[in-house]
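Working through the structure, step by step
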Amino acid sequence: MDKFFKLKENQTDVRTELMAGLTTFFAMSYILFVNPSILGQTGMPAQGVFLATIIGAVAGTLMMAFYANIPYAMAPGMGLNAFFTYTVCFSLGYTWQEALAMVFICGLISIVITLTRVRRMIIDEIPDGLKKAMSAGIGVFLTYVGLKNAGLLQFAIDAGTYTVTGDANKGTGSITASASATPSLVHLNTPAVLLAVVAIFITAFFVIRNIKGGVLIAIALTTIIAIFAGVVDLSAINWAASSPVSAFHDLGKIAGQAVGSKGIVALFSQSGRLPEVLLTILAFVLTDVFDNIGTLVGTGAKAGIFNISSDKEVAQTKGLQTKMDKALFSDMVGTTVGALAGTSNVTTYVESAAGIGAGGRTGLTALVVAVLFALSSFFSPLLSIVPSQATAAVLIMVGVMMLSNLKEIDWDDLGEAIPAFFMTIFMGFAYSITMGIATGFIVYTFSKVVQGKAKDVHAIIWVLDALFILNFISLAVL
């Protein structure tokens with residue numbers, strides 16, 4: 001075990017890696033229930049999507065474990081599944097089979113981009129200030145996700161300032177509010193909200209005291225309190241749902257549809273909509289690629305998982321040699337396999353930062369997550385025992401730690417500070433790693449032009465700016 005995963009070399013041990021894997025899994029296990037709920041609105045059988053979610057997660061995470069040997073886990077991405085359902089299927093009118101075909105093509109394109117080292121070039125040419133901002137931005141993103149999952153935020157929406165996609169009355173749609181929506185702290189008067197507050201203090205205690213395995217202990221303590229407080233009702237667990245027989249039957253209805261007659265064949269059967277199809281695939285590719293780059297760069301550099309200086313030397317050789325190269329290739333394999341199984345884009349989960357914060361440093365952490373995902377196909381009801389408040393508190397603490405990267409940005413140079421600020425803030429408040437990166441890149445180029453330093457902007461950044469702007473335009477038009 002030590003020899004294969006190089007535990008001593010990475011200054012870790014089996015116990016720490018196991019704890020980290022458990023922490024990451026519980027932080028992201030919500031996707032097992034949320035993804036079928038979202039994709040099921042398109043007409044896909046929910047139980048089949050449940051298994052497809054597991055297949056995509058296991059495939060990508062095992063690649064991270066055995067090929068890249070890094071502590072990252074993968075699963076169908078939030079945001080990408082919403083884009084799949086509400087934009088591609090509901091707004092644009094594509095069938096779920098055609099949408100799966102787009103995801104499959106996205107995976108193939110991204111694999112080509114990775115094998116031709118284009119993604120590696122992108123990472124190498126990201127300015128150091130923006131890399132620090134990327135890490136801090138993910139900290140803001142994680143904190144916001146944590147506060148939202150903890151149920152500590154509420155939003156006021158003015159009447160007549162929102163749009164509804166789908167059928168909200170049946171719980172199969174989404175509501176998009178205008179900028180008049182304002183967040184506020186909820187009243188601390190319900191057991192669930194009070195549990196969230198207690199969870200934050202419990203987790204903070206273990207983090208501040210730097211107790212080994214403290215994050216997992218905090219999750220366990222919060223879960224016990226939740227049971228006694230009535231937030232988790234053990235009697236409500238549906239043990240019959242653990243039978244995978246019907247799920248495997250439904251999986252057969254969606255597996256392989258991406259490359260079938262109703263999928264990729266139907267997608268390109270109408271020449272008149274080809275421009276729209278290509279723009280939609282571009283949106284999938286940009287979001288998938290930069291969600292992964294943002295997560296890996298933002299969380300890995302601070303923890304020392306990626307040695308950027310030595311990676312640059314190895315990058316001159318042929319093939320996928322560095323951990324970053326292998327990680328990028330792994331998540332694209334996950335997306336391709338996931339599409340064939342019947343789910344939206346598989347991506348590196350930002351919640352992996354929770355396991356990294358718990359000490360995970362090698363692929364053994366990822367292996368633990370993959371095994372737990374596989375087992376969850378038989379014991380899915382057990383996952384509902386761990387309340388969202390427990391894992392939300394972990395994400396908030398990890399967000400706090402990642403914000404330390406802000407101190408390494410040169411705030412006296414506004415040409416560096418303004419792009420870093422926009423990248424950091426937009427990741428959280430736009431609720432999108434990709435949108436934060438896009439905003440940061442565009443503002444960075446603008447700042448350099450204003451400073452008369454346009455020649456300092458690498459050609460690949462100019463190309464990415466153009467693609468991001470085209471993506472913004474396509475999203476506005478589609």
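Definitions and cut-offs
- Residues numbered from 1 in each chain as written.
- Predicted model: local features only at pLDDT ≥ 70, side-chain atom pairs only at ≥ 80, totals over all residues.
- Heavy atoms only, no water.
- Helix = DSSP H or I, 4+ residues; strand = E, 2+ residues; numbered from the N terminus.
- Rg over C-alpha atoms; globule rule 2.2 N^0.38 Å.
- Buried < 20%, exposed > 50% of the residue type's maximum accessible area, 1.4 Å probe, protein only.
- Lys, Arg positive; Asp, Glu negative; His and termini not counted.
- Charge placed at Lys NZ, Arg CZ, Asp CG, Glu CD.
- Phe/Tyr/Trp six-rings, centres within 6.5 Å; stacked < 30°, edge-to-face > 60°.
- Lys NZ or Arg CZ within 6 Å of the ring centre and 35° of its normal.
- Axes fitted to C-alpha atoms, helices over the stretch in contact; angles between N-to-C directions.
- Parallel < 35°, antiparallel > 145°, perpendicular 65-115°, else oblique.
- Left-handed = near helix turned anticlockwise from the far one by under 90°.
- Contact = heavy atoms within 4.5 Å.
- Nonpolar A, V, L, I, M, F, W, Y, C, P; charged D, E, K, R; others polar.
- Expected span 1.5 Å × (residues − 1).
- Core = buried A, V, L, I, M, F, W, Y, C linked by side-chain atoms within 4.5 Å.
- Patch = residues over 30% accessible without salt bridge, like charges linked within 9 Å, V, L, I, M, F, W, Y side chains within 5 Å.
- Areas by Shrake-Rupley, 256 points an atom, 1.4 Å probe, with all protein chains shown as cover.
- Salt bridge = Lys/Arg side-chain N within 4 Å of Asp/Glu carboxyl O.
- Disulfide = S-S within 2.5 Å.

1. Observations regarding the overall build of the chain
For the chain, the helix and strand inventory stands at 21 helices and six strands. Against the globule reference of 23 Å for 478 residues, the chain gives a C-alpha radius of gyration of 22 Å, in line with a compact fold. Overall size of the chain, expressed as C-alpha extent along the three principal axes, is 65 × 55 × 55 Å. Put simply, the chain has 478 residues, and 53% of those count as buried. Here the chain contributes 26 positively and 27 negatively charged side chains, and the mean placements of these two sets differ by 6 Å.

2. Quick notes on the packing of aromatic side chains
Taken as a whole, this structure holds 17 aromatic pairs when the rule is applied. In this arrangement the basic side chain of lysine 326 is found over the ring face of tyrosine 67, its NZ or CZ atom lying 5.6 Å from the centre.

3. Regarding the packing of helix H8 (residues 128-149) against helix H19 (residues 414-429)
For the pair H8 and H19, interaxial distance at closest approach is 7 Å and the crossing angle is 25°. In terms of orientation, H8 lies roughly parallel with respect to H19. The interaxial crossing formed by H8 with H19 has right-handed handedness. Note on element contacts: H19 touches H8 through Glu416, Pro419, Ala420, Met423, Thr424, Met427 and Gly428, opposite Gly129, Leu130, Ala133, Met134, Ala136, Gly137, Ile138, Val140, Phe141 and Tyr144. Class assignment for the residues of the contact of H8 with H19 results in 12 nonpolar, four polar and one charged.

4. Description of helix H17 (residues 363-379)
It helps to recall that an α-helix has 3.6 residues per turn; residues three or four apart then point in one direction. Helix length check: H17 (17 residues) gives 24 Å between terminal C-alpha atoms against 24 Å at 1.5 Å per residue, within 8%. Most of H17 sits out of view: 12 of its 17 residues are buried. Buried residues along H17 sit in contact with helix H1 (2-5), helix H2 (14-28), helix H3 (31-39), helix H4 (46-68) and strand S1 (74-76).

5. What to know about unusual backbone geometry
Positive phi values are uncommon outside glycine, yet glutamine 11 reaches one of about 55°. Take glutamine 11: it is sitting in the loop between H1 and H2. Phi angles above zero are rare outside glycine, and asparagine 69 is one such case at about 55°. Within the secondary structure, asparagine 69 is located in the loop between H4 and S1.

6. Some details on the environment of alanine 430
Mapped onto the fold, alanine 430 is located in the loop between H19 and helix H20 (433-450). Residue class for alanine 430 comes out partly exposed when judged on its relative accessible area of 34%. Sequence spacing of alanine 430 and threonine 116 is 314 residues, and the spatial spacing of their C-alpha atoms is 31 Å. Those residues in contact with alanine 430 that lie beyond four places of it in its chain are Ile425 and Met435.

7. Details of the nonpolar core
Of all hydrophobic cores here, the largest spans 112 residues; its most connected members are Phe84, Phe284, Phe290, Ile293, Phe373, Ile437 and Phe441. At 12 residues, the largest contribution of residues to this core is made by helix H13 (residues 274-303). The residues touching phenylalanine 290, leaving out its near neighbours within four places in the chain, are Ile122, Ile433, Thr434, Ile437, Phe441, Leu464 and Phe468. By size, the runner-up hydrophobic cluster in this structure holds six residues, among which are Val186, Val193, Ala196 and Ala392.

8. Observations regarding H4
Relative to the 33 Å expected for 23 residues at 1.5 Å per residue, H4 spans 32 Å between its end C-alpha atoms, a close match to the ideal helical length. One or two residues past the end of H4 sits asparagine 69, with phi positive at roughly 55°.

9. Notes on the side chain of threonine 439
Inspection of the secondary structure puts threonine 439 in helix H20. Residue threonine 439 is classed as buried on the basis of its relative accessible area of 12%.

10. Considering the packing of helix H9 (residues 191-208) against helix H10 (residues 214-229)
Relative placement of two packed helices is described by the angle separating their axes and the distance separating the axes. Relative to each other, H9 and H10 sit at 155°, their axes nearing to 9 Å. With respect to H10, the axis of H9 lies roughly antiparallel. Considering how the two elements wind past one another, H9 and H10 form a crossing that is right-handed. Listed contacts from H10 to Pro191, Leu195, Val198, Ala199, Ile202, Thr203 and Phe206 of H9 are Gly214, Ile217, Ala218, Leu221, Thr222, Ile225, Ala226 and Ala229. Taken together, the residues that form the contact of H9 with H10 break down as 12 nonpolar, three polar and no charged.

11. Quick word on a nonpolar patch on the surface
The grouping of Phe205, Ile211, Ile217, Leu221, Ile224, Ile227, Phe228 and Leu234 at the surface amounts to a nonpolar patch, some 720 Å² of accessible area in total. At five residues, the largest contribution of residues to the nonpolar patch is made by H10. Relative to the helices and strands, isoleucine 227 resides in helix H10.

12. Concerning the pattern of salt bridges
Any two side chains of opposite charge can pair, so long as their charged atoms come close to each other. Applying the stated criterion across every chain yields a total of four salt bridges. With a closest N to O distance of 3.0 Å, glutamate 408 and lysine 132 form a salt bridge. With glutamate 408 in the loop between helix H18 (388-402) and H19 and lysine 132 in helix H8, this pair connects stretches of sequence that are 276 residues apart. Using a relative accessible area of 46% as the deciding quantity, one classes glutamate 408 as partly exposed. For lysine 448, the salt bridge is made with glutamate 416, and the minimal N-O distance between the two is 3.0 Å. In this pair, lysine 448 sits in helix H20 while glutamate 416 sits in helix H19, placing the two residues 32 residues apart along the sequence. We classify lysine 448 as buried; its relative accessible area is 5%.

13. Some thoughts on the state of the cysteines
Tallying each qualifying case throughout the model produces zero disulfides. There is no disulfide at cysteine 89, and the cysteine sulfur nearest it, in cysteine 106, is 15 Å away. Here cysteine 89 falls in the buried class, since its relative accessible area comes to 9%. In this structure cysteine 106 comes out as buried when scored by relative accessible area, which is 0%.

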